[in-house]
Amino acid sequence: MNNKARITSIAAQVYAYLGNSPSLVILVLFGAVAGLTLGLMAVVIPWFFFVPLFAVPVFILIAWVRPEYALAFLVLVVSGFLPDFLLPSISTVGGTLRAEDFFLGFVLLITLLKYGGDAKRWLPGLKPFVWPLLLLMGLAGLSAVYSVFIVGVATTAVTEDLRAFVYWVLPLIIVMMAHQRRVLDRFLSALVVGAVLLALAQILQVNFGIPIMHAGRLETAAIGHTEYSGVLRSTVPGIYLIMFAFLLIVSRYILGKQGLFVSLLLSGLFALALMYTYGRTLWGTTLFGLMFVGFLLGIARTIKVGVLLLVVVLGVLALVSLYKPDVADVVIDRALSVKDEGDSRTSLGWRFEENGLALKRIQSSPVFGIGLGVNYKPAGSEKEWEGERRTVHNGHMAILLKLGLAGALILVFLLVRYWKEATVLARSLAPQNSDRAILSVIRALVPMILISANTRPEWIVQATVCMFAVGIGTVAAMNNLRRQASDGGMPEHLHSVATRKSSWQ
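As the structure is a computational prediction, the values presented were derived from the model and not from experiment.

### What about the overall build of the chain?
Now for step 1: Regarding its fold elements, the chain presents 19 helices and four strands.
Now for step 2: Within the chain, contacts between residues at least 6 apart in sequence are counted, and of these 75% link residues at least 24 apart.
Now for step 3: Here the chain displays about 23,800 Å² of accessible surface, and carbon together with sulfur accounts for 70% of that area.

### Quick look at unusual backbone geometry
Now for step 1: Despite not being glycine, Ala-215 shows a phi value in the positive range, around 65°.
Now for step 2: Looking at where Ala-215 falls in the secondary structure, it is placed in the loop between helix H9 (181–208) and strand S3 (217–223).
Now for step 3: Looking at Ala-215, the relative accessible area reads 56%, which means it is exposed.
Now for step 4: You will see that Tyr-278, though not glycine, has its phi angle at about 50°, which is positive.

### A short note on the side chain of Arg-334
Now for step 1: Its location among the elements puts Arg-334 in helix H14 (residues 325–336).
Now for step 2: Given a relative accessible area of 15%, Arg-334 falls into the buried group.

### Quick word on the confidence of the model for the chain
Now for step 1: For the chain, the average pLDDT comes to 84, and 81% of its residues sit at 70 or higher.
Now for step 2: Here helix H19 (residues 492–502) is the element of the chain with the lowest mean pLDDT, 41, and helix H8 (residues 170–177) is the one with the highest, 97.
Now for step 3: Counted against residues more than four places away or in other chains, residues 489–505, with its pLDDT under 50, gives 32 contacts.

### Re the packing of aromatic side chains
Both the distance between ring centres and the angle between the ring planes are used here to describe each pair of aromatic rings.
Now for step 1: Counted by the stated rule, this structure contains ten aromatic pairs.
Now for step 2: An angle of 25° between the planes, with centres 4.2 Å apart, marks the rings of Phe-59 and Phe-103 as stacked. You can see Phe-59 sitting in helix H3 (residues 47–65) and its partner Phe-103 sitting in helix H5 (residues 99–115), a full 44 residues away along the chain.
Now for step 3: What makes Phe-103 buried here is its relative accessible area of 4%.
Now for step 4: Centre to centre, the rings of Phe-292 and Trp-419 are 6.3 Å apart; their planes meet at 45°, and the pair counts as tilted. With a gap of 127 residues between them, Phe-292 in helix H12 (residues 280–297) and Trp-419 in helix H16 (residues 395–427) connect regions that are remote in the sequence.
Now for step 5: Overall, Phe-292 belongs to the buried group, its relative accessible area being 17%.

### Brief notes about a nonpolar patch on the surface
Now for step 1: Together, Val-193, Leu-197, Leu-200, Leu-204, Phe-208 and Ile-210 give the surface a local cluster of nonpolar side chains, amounting to about 560 Å² of exposed area.
Now for step 2: Examined against the element boundaries, Leu-200 turns out to sit in helix H9.

### Some thoughts on helix H17 (residues 435–452)
Now for step 1: The first and last C-alpha atoms of H17 sit 26 Å apart over 18 residues, in line with the 26 Å expected at 1.5 Å per residue.
Now for step 2: The buried count for H17 comes to 16 of 18 residues, which makes it a mostly enclosed element.

### Let's talk about the pattern of salt bridges
Now for step 1: Taken as a whole and judged by the stated rule, the model has 15 salt bridges.
Now for step 2: Across the salt bridge formed by Glu-219 and Arg-233, the nearest N and O atoms sit 2.6 Å from each other. On the criterion of sequence distance, the pair formed by Glu-219 in strand S3 and Arg-233 in strand S4 (residues 226–235) is long-range, its members being 14 residues apart.
Now for step 3: Looking at Glu-219, the relative accessible area reads 27%, which means it is partly exposed.
Now for step 4: Looking at Arg-233, the relative accessible area reads 18%, which means it is buried.

### A short note on the packing of H16 against helix H18 (residues 462–487)
Now for step 1: Relative orientation of the contacting elements H16 and H18 amounts to 45°, with a least axis distance of 10 Å. With respect to their mutual orientation, H16 and H18 come out oblique. Taken as a pair, H16 and H18 cross one another with a handedness that is left-handed. For the pair H16 and H18, the contacting residues are Leu-414, Leu-415, Tyr-418, Glu-421, Ala-422 and Leu-425 in the first and Phe-468, Gly-471, Ile-472, Val-475, Met-478, Asn-479 and Arg-482 in the second.
Now for step 2: For the contact of H16 with H18, the per-class residue count stands at nine nonpolar, two polar and two charged.

### Focus: the packing of H9 against H18
Now for step 1: Relative orientation of the contacting elements H9 and H18 amounts to 160°, with a least axis distance of 10 Å. Between H9 and H18, the interaxial angle falls into the category roughly antiparallel. Like other packed secondary-structure pairs, H9 and H18 cross with a definite hand, here left-handed. Across from Arg-181, Leu-184, Phe-187, Leu-188 and Leu-191 in H9, the residues of H18 making contact are Val-470, Thr-474, Ala-477, Met-478 and Leu-481.
Now for step 2: Its residues assigned to classes, the contact of H9 with H18 comprises eight nonpolar, one polar and one charged.

How each quantity is defined
- Residues numbered from 1 in each chain as written.
- Predicted model: local features only at pLDDT ≥ 70, side-chain atom pairs only at ≥ 80, totals over all residues.
- Heavy atoms only, no water.
- Helix = DSSP H or I, 4+ residues; strand = E, 2+ residues; numbered from the N terminus.
- Contact = heavy atoms within 4.5 Å.
- Areas by Shrake-Rupley, 256 points an atom, 1.4 Å probe, with all protein chains shown as cover.
- Buried < 20%, exposed > 50% of the residue type's maximum accessible area, 1.4 Å probe, protein only.
- pLDDT = per-residue confidence, 0-100.
- Phe/Tyr/Trp six-rings, centres within 6.5 Å; stacked < 30°, edge-to-face > 60°.
- Patch = residues over 30% accessible without salt bridge, like charges linked within 9 Å, V, L, I, M, F, W, Y side chains within 5 Å.
- Salt bridge = Lys/Arg side-chain N within 4 Å of Asp/Glu carboxyl O.
- Expected span 1.5 Å × (residues − 1).
- Axes fitted to C-alpha atoms, helices over the stretch in contact; angles between N-to-C directions.
- Parallel < 35°, antiparallel > 145°, perpendicular 65-115°, else oblique.
- Left-handed = near helix turned anticlockwise from the far one by under 90°.
- Nonpolar A, V, L, I, M, F, W, Y, C, P; charged D, E, K, R; others polar.

Pasting the structure below:
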């Protein structure tokens, strides 16, 4: 057969195949037209306009085909990944709508369209959390209405405070999309990959001095009034994504589900990213979380955590000392400077002063708070940046200030439900079940956030709320999947084996 006949034969086979697959024909035609259109746009439109324009439809397509990956990407963007110029935003009367706001809306809409009608499958696992989540989001919504229409606060300020509460909808998205165990596994794996990308971005940003993340700060490292020229400090909104992945890697190593080399490599990466924040609260919280995970998995295993942590810390400090000795000096000075904290010129002293101002305002409206977006600091009380007068660095105080005792009690209600459901599920698993690694981290988030919220506004930071909401959604999804396996007539001992085989590896 000559070349011409061979080409004709292949063309005839392709035509016959496509003729039996109308949907594939439509997909091919759509891809060809879309590719041609995007190619022409790329030539005419500047790249910094073209990239966001191209990213949105791609995100929608991914959200439809693999919502778990779209949701993981949303968490990554909320955590600060990608610079501002790659994330489209629209200014409206009610405030700025960011790329992540659109992404959240797309993921929610698509999961509702695909899985919303199957409520009998996903609702049981979510039931323990429905009331506290609805009450918390509802109270935040009413507080926003009160601030705008009664107090007369600018809608832009209210929108900024309200944004974090919107992300309590994530558990609903997770339980709907996790209709099979492999979907939940892919989501958790994607979160770890996202944490690796975020940690790498943090390290590159600090070492090259080029801002490649949004919603954080890149500045000269300082301790008290002493600045260290040549040493940069970077804050990451989604630091809890890195901490979550760090704890998960270590807990899997403890259970023997992951090798030593990979555990050391990833732990070192996460530790380095955390080190560059120069945040003592974050360092202490991460250390507590690691030891707490070891305790949950068995007291004897806490020693294993300690040894791994010692190797990681010494390795990171040795590496940094060789590359940039000044950084190691700043780390040590920062760790030892805690003894100097307390007076008005220190960060802790300013937080005491800030808490005092907040307490005075709480007394004026203790039940429902002063409202979202409302200023509580007097003008000129601090070097004022946008939002400074309404910002509270103590997350517990922030809830009391903005939503009052009602909001604080609802949050406590949610925490209790979260801890109870995660604990009951963890205790039902076999000792070597790999899900115990995930659940130990999920449980550790409770005391960790309670600790760090004393100096950080965790409960009103959307990136932190995201990770806590992910924990709720994961527990609810696991309960649903476990229930489905039991309802399907699978014996409990076989279900336990199936769970171990299908869990995230």
